[in-house]
Amino acid sequence: MSYSDKVIDHFEHPRNVGSLNKEDAHVGTGLVGAPACGDVMRLQIQVSPDGIIEDAKFKTFGCGSAIASSSLVTEWVKGKTLDEAATIKNTEIAEHLALPPVKIHCSVLAEDAIKAAIADYKAKHSPSKDGQAAE
Amino acid sequence: MTHLPANDQPRPIYLDYQATTPCDPRVVETMLPYFTEKFGNPHSRNHMYGWEAEEAVEKARAQIGALIGASDKEIIFTSGATESNNLAIKGVAQFYKEKKNHIITVTTEHKCVLDACRHLELEGFEVTYLPVRKDGLVDLDQLAAAIRETTVLVSVMGVNNEIGVIQPLAEIGALCRSKGVFFHTDCAQAVGKIPLDVEAMKIDLMSISGHKIYGPKGVGALYVRRKPRVRLVAQINGGGQERGMRSGTLPTPLCVGLGEACRLAQAEMADETQRLLALRERFHQRVTAGLPEVYLNGHAEKRIPGNLNLSFAFVEGEGLMMAVKELAVSSGSACTSASLEPSYVLRALGVDVEMAHTSLRIGIGRFTTEAELDFAADLLIERVTKLRSFSPLWEMAQEGIDIKSIQWAEH
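Residues numbered from 1 in each chain as written. Chains lettered and ligands numbered in written order. Predicted model: local features only at pLDDT ≥ 70, side-chain atom pairs only at ≥ 80, totals over all residues. Heavy atoms only, no water.

A.B. asks: Tell me what's going on with the side chain of B:T108, and back it up with residues and numbers.
C.D. replies: Within the element layout of this structure, B:T108 appears in the loop between strand 3 (102-106) and helix 4 (111-122). Setting aside anything within four residues of it in sequence, one finds B:T108 in contact with B:V132, B:M157, B:N160, B:Y344, B:V345, B:A348 and B:L349. (Helix = DSSP H or I, 4+ residues; strand = E, 2+ residues; numbered from the N terminus. Contact = heavy atoms within 4.5 Å.)

Below you can see the structure in the form of structure tokens.
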């Protein structure tokens, strides 16, 4: 397997590794993937009162492309509104990192992680359980 | 895309001796004259060029035989262990098909054995794929129970290429002989690593590879027993070389190289075994002293000295290989294969899929040094620790969450 320079850069110098308090009302957590499939991503977003993602953290179990994809999306979501963040597409991630075809699923997982984190945040702030609306 | 490090970067430390080995310089030395001044066709009977090439090939044949307790007349040269396995399995099955139609092999065999058996199934043969125990070894009672009146051949590898475990060849050989079944063993990873004796182990056919034993790539051999005689259908037709079992002009330099590699293995096996065992134990202890949750795959003692297969829990194998790019190792992780399935060998042992994803194969050999392994161990400790700090599974495990209790959406 060969990697693009961008994948190597994110893998060797991952941005925003870490954890936010998942019990915090301002934090949305997305946990996607499965250990049996060889990749699990956890993306967390911290949202300001005016609906801007002001911080993001990730932890990922997976190959270099999976780690790079999740590192990249923490950079991309910061400063965006929830609606803006929800428009990030796996194809943009794959293109930016020059992922080969067998690694496209890593970018799909990263998109899923963003959506899951947003859904979790929205569920915390909705009286009804409409958190699934973002799925 | 970066395939290779830039020229100013040092080459990674080679720890993948089960994939291939470098040719021993002494082997190369013995081969060289047969590319240039002694270039004759060993099958040319009418002049000196042919005679000297034939003499060299026959000497090599005897050297190969000597390493496994066989006569030179029982050694057939091939292009490698894949061809040897195909010739042994298909050749024997096809020759005796009027009388018997059943073959037994094992789920952890090399792909070329499994694929040859699959091919025979398409031709109408019946094949039993035996499971292995948790330690990777064949259960002899299960094997005995699987043998039928119609069983023509049992094929069990000597040493597994991924986990390095040594199968009980003498016991399997005795069982097969008592039941009148031919015993073939793929010894690509066993020859030169453990003592082998086709008489004592009652082996009827044995596949041998050149490049796994510090010989050249592109050459191998098949031992075919003469008494009692084992017959097979040739898979390559032509001029009838190799007693009609494998036509084609012999590649003299490669044959000479394989012979010399066998001679060196025989002379040095005892010392090399001691040295590699000490190196492997030192490395293994250093890694496990520095890291929790590292698990050995395969039997702890019944394995060749040059192999370790370790699962570094909570760290995915391909990501780990990328993190230790200073080392040339291989992984049983799905991401390293085209199939996206983790190692079928580890799965056959009952290793959990998630643990199979975290495995690394570390293969050491003749040219591995203690300093290289100390560096490798320290690097693994540092990088696994770093990757675990990125791993949500490691964090959950530290918090006491059972990862198996979570409903994962498998994709």
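A.B. asks: Any chance you could break down the interface of chain A and chain B for me, citing the residues and the numbers?
C.D. replies: Facing the 33 residues of chain A at the interface are 31 residues of chain B. Taken over both partners, the interface formed by chain A and chain B buries close to 2,900 Å², and the fraction arising from carbon and sulfur atoms is 66%. Across the pair A:K103 and B:E318 runs a salt bridge, and its minimum N-O distance is 2.6 Å. The tally of links between chain A and chain B comes to 12 residue pairs in polar contact (both at pLDDT 80 or more). Among the elements of the structure, helix 1 (5-12), strand 1 (27-34), strand 2 (39-47), strand 3 (53-61), helix 2 (64-77) and helix 5 (104-124) of chain A are those that each provide at least two residues to the side of chain A that touches chain B. Here the side of chain A that touches chain B gets five residues from one element, more than from any other, and that element is helix 1 of chain A. (Buried area = accessible area lost by both parts, 1.4 Å probe. Salt bridge = Lys/Arg side-chain N within 4 Å of Asp/Glu carboxyl O. Polar contact = N/O pair within 3.5 Å; in protein donor to acceptor, adjacent residues only side chain to side chain.)

A.B. asks: Break down the nonpolar core for me, with residues and values.
C.D. replies: Counting 65 residues, the largest nonpolar core has B:F312 and B:I362 as the members making the most contacts within it. Counting residues in hydrophobic clusters, the runner-up holds 59 residues, among them B:V27, B:M31, B:I64 and B:L175. (Core = buried A, V, L, I, M, F, W, Y, C linked by side-chain atoms within 4.5 Å. Buried < 20%, exposed > 50% of the residue type's maximum accessible area, 1.4 Å probe, protein only.)

A.B. asks: Tell me about the sheet that holds strand 1 of chain A, and name the residues and values.
C.D. replies: Residues and elements named next belong to chain A. Across the sheet, which stays open at both edges, the three strands sit in the order 1-2-3 with antiparallel pairing between neighbours. In this open sheet, the two edge strands, each paired with only one partner strand, are strand 1 and strand 3. If you compare each strand with its neighbour and ignore which way they point, the axes differ by 10 degrees on average. Across the sheet, helix 2 is in contact with strand 2 and strand 3; its angle to strand 3 comes to roughly 175 degrees. (Pairing = 2+ DSSP bridges. Axes fitted to C-alpha atoms, helices over the stretch in contact; angles between N-to-C directions.)

A.B. asks: Could you give an account of the confidence of the model for chain A, naming the residues involved and the relevant values?
C.D. replies: Counting all residues, the mean pLDDT for chain A is 91, and 93% of those residues have values of 70 or more. Scored below 50 in pLDDT, residues 129-135 of chain A makes four contacts in the model with residues more than four places away or belonging to other chains. (pLDDT = per-residue confidence, 0-100.)

A.B. asks: Give me the lowdown on a nonpolar patch on the surface, citing residues and values where you can.
C.D. replies: Taken together, the side chains of B:V28, B:L32 and B:F35 present a nonpolar region at the surface, about 260 Å² in accessible area. Looking at the element boundaries, B:F35 is found in the loop between helix 1 (25-31) and helix 2 (48-68). (Patch = residues over 30% accessible without salt bridge, like charges linked within 9 Å, V, L, I, M, F, W, Y side chains within 5 Å. Areas by Shrake-Rupley, 256 points an atom, 1.4 Å probe, with all protein chains shown as cover.)

A.B. asks: Explain the environment of B:Y214 to me, using residue names and the numbers behind them.
C.D. replies: Residues and elements named next belong to chain B. The topology assignment puts Y214 in the loop between strand 7 (205-209) and strand 8 (220-224). Note: C-alpha distance between Y214 and E121 (93 residues apart in sequence) is 35 Å. Residues in contact with Y214, not counting those within four places in the same chain, are Y17, T21, P22, C23, D24, V27, A261, E272, G365, R366 and F367.

A.B. asks: Describe the environment of B:E29, and please don't skip the residues or the numbers.
C.D. replies: Residue placement: B:E29 occurs in helix 1. Taking C-alpha positions, B:E29 is 23 Å from B:H43, a pair spaced 14 residues apart along the chain.

A.B. asks: Lay out the packing of helix 2 of chain B against helix 7 (residues 252-290) of chain B with the relevant residues and their values.
C.D. replies: A packed helix pair is summarised by two numbers, namely the angle formed by the two axes and the spacing between the axes. All names here are of chain B. For the pair helix 2 and helix 7, the least separation of the axes is 8 Å and the interaxial angle reads 35 degrees. The way helix 2 lies across helix 7 gives a crossing that is left-handed. When helix 2 is examined against helix 7, the residues A53, A56, V57, A60, Q63, I64, A66 and L67 are found in contact with a partner set consisting of T252, C255, V256, L258, G259, E260, C262, R263, A265, Q266 and M269. When its residues are assigned to classes, the contact of helix 2 with helix 7 shows 13 nonpolar, four polar and two charged. (Left-handed = near helix turned anticlockwise from the far one by under 90°. Nonpolar A, V, L, I, M, F, W, Y, C, P; charged D, E, K, R; others polar.)

A.B. asks: Kindly report on helix 7 of chain B, identifying the contributing residues and their values.
C.D. replies: Compared with the 57 Å implied by 1.5 Å per residue over 39 residues, the 49 Å span of helix 7 of chain B between its first and last C-alpha is markedly short. The axis of helix 7 of chain B is deflected most strongly, by about 65 degrees, at B:E268. (Expected span 1.5 Å × (residues − 1). Bend = angle between axes of the 7 residues up to and from the residue.)

A.B. asks: Describe a positive patch on the surface, listing the residues and the values that go with them.
C.D. replies: Residues and elements named next belong to chain B. There is a patch of like positive charges on the surface, built from K73, R226, K227, R229, R231 and R243. Summarising the element assignment, R243 is placed in the loop between strand 8 and helix 7. On the basis of relative accessible area, R243 is assigned to the partly exposed category, the value being 45%. (Lys, Arg positive; Asp, Glu negative; His and termini not counted. Charge placed at Lys NZ, Arg CZ, Asp CG, Glu CD.)

A.B. asks: Requested: an account of the sheet that holds strand 12 (residues 330-331) of chain B, with residues and values cited.
C.D. replies: Residues and elements named next belong to chain B. With antiparallel pairing, four strands are arranged side by side in an open sheet as 9-10-13-12. Since the sheet does not close on itself, it has two edges, and those belong to strand 9 (294-296) and strand 12, each with one partner. Pairing between strand 10 (residues 307-312) and strand 13 (residues 359-363): five bridges, direction antiparallel. Each residue of the ladder has a partner; that of L308, found in strand 13, is I362.

A.B. asks: Give a description of the packing of aromatic side chains that names residues and reports values.
C.D. replies: Residues and elements named next belong to chain B. Scanning the entire structure with this criterion turns up seven aromatic pairs over all chains. Aromatic pair Y14 and Y17: ring centres 5.3 Å apart, planes at 65 degrees, arrangement edge-to-face. What makes Y14 partly exposed here is its relative accessible area of 30%. On the accessibility criterion, Y17 (5% relative accessible area) is buried. When the ring of F39 is compared with that of Y49, the centres are 5.3 Å apart and the planes differ by 40 degrees; the resulting orientation is tilted. In this pair, F39 is assigned in the loop between helix 1 and helix 2 and Y49 in helix 2, connecting sequence segments 10 residues apart. (Phe/Tyr/Trp six-rings, centres within 6.5 Å; stacked < 30°, edge-to-face > 60°.)

A.B. asks: Go over the environment of B:K404, please, and point to the residues and values.
C.D. replies: Residues and elements named next belong to chain B. Looking at the secondary structure, you find K404 in the segment after helix 12 (392-398). With relative accessibility at 54%, the residue K404 sits in the exposed group. Between the alpha carbons of K404 and E123 there is a distance of 43 Å; along the sequence they are 281 residues apart. Setting aside chain neighbours within four positions, we find K404 in contact with D352 and E354.

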